[in-house]
Amino acid sequence: AISPSKQAAIQAYRSLLKTQKKVFDTDLKAIDAARRETYTRFMQFKNETNSDILEEKLQLAGQVESLLKKNVIQGVPKGDNTFKLRITKDTELSDNDTIKNTKSINRKRR
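Computed from a predicted structure; not experimentally measured. (Residues numbered from 1 in each chain as written. Predicted model: local features only at pLDDT ≥ 70, side-chain atom pairs only at ≥ 80, totals over all residues. Heavy atoms only, no water.)

A.B. asks: Tell me what's going on with the pattern of salt bridges, and back it up with residues and numbers.
C.D. replies: Taken as a whole and judged by the stated rule, the model has seven salt bridges. D32 is the salt-bridge partner of R35, the closest N and O atoms lying 2.8 Å from each other. Of this pair, R35 and D32 both sit in helix α2 (residues 28-44), three residues apart, which is roughly one turn of that helix. We classify D32 as partly exposed; its relative accessible area is 26%. Of the charged contacts in the structure, one is a salt bridge between R41 and E37, with a shortest N-O distance of 2.6 Å. Of the two residues, R41 and E37 both sit in helix α2, four residues apart, roughly one turn of that helix. On the accessibility criterion, R41 (49% relative accessible area) is partly exposed. You can call E37 partly exposed: its relative accessible area is 39%. Bridged by salt links that share partners, the residues K22, K89 and D90 form one connected network. (Salt bridge = Lys/Arg side-chain N within 4 Å of Asp/Glu carboxyl O. Helix = DSSP H or I, 4+ residues; strand = E, 2+ residues; numbered from the N terminus. Buried < 20%, exposed > 50% of the residue type's maximum accessible area, 1.4 Å probe, protein only.)

Have a look at this one:
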């Protein structure tokens, strides 16, 4: 039988690979690079038994998946230095006001 933490790691791994395929779509180099990096990171902790560390790594995997879904946009070259942006239903769209507000808050604290 597979332990619950191993099962959670397998689920997180598969989910991350699925998200990478969706986000990078036809960019086979990006999919391959992401897959290799994910494999390497997961294998670093394959024998880990400390549940706190495992939980931390599973949270990190979830955060990476969320970042990929919401913040990565693929640009597909269309010629004449133009690109078609692949924006998905998960892509986080906002204006620069949120960034400007964050910068001004950080400046005031200094």
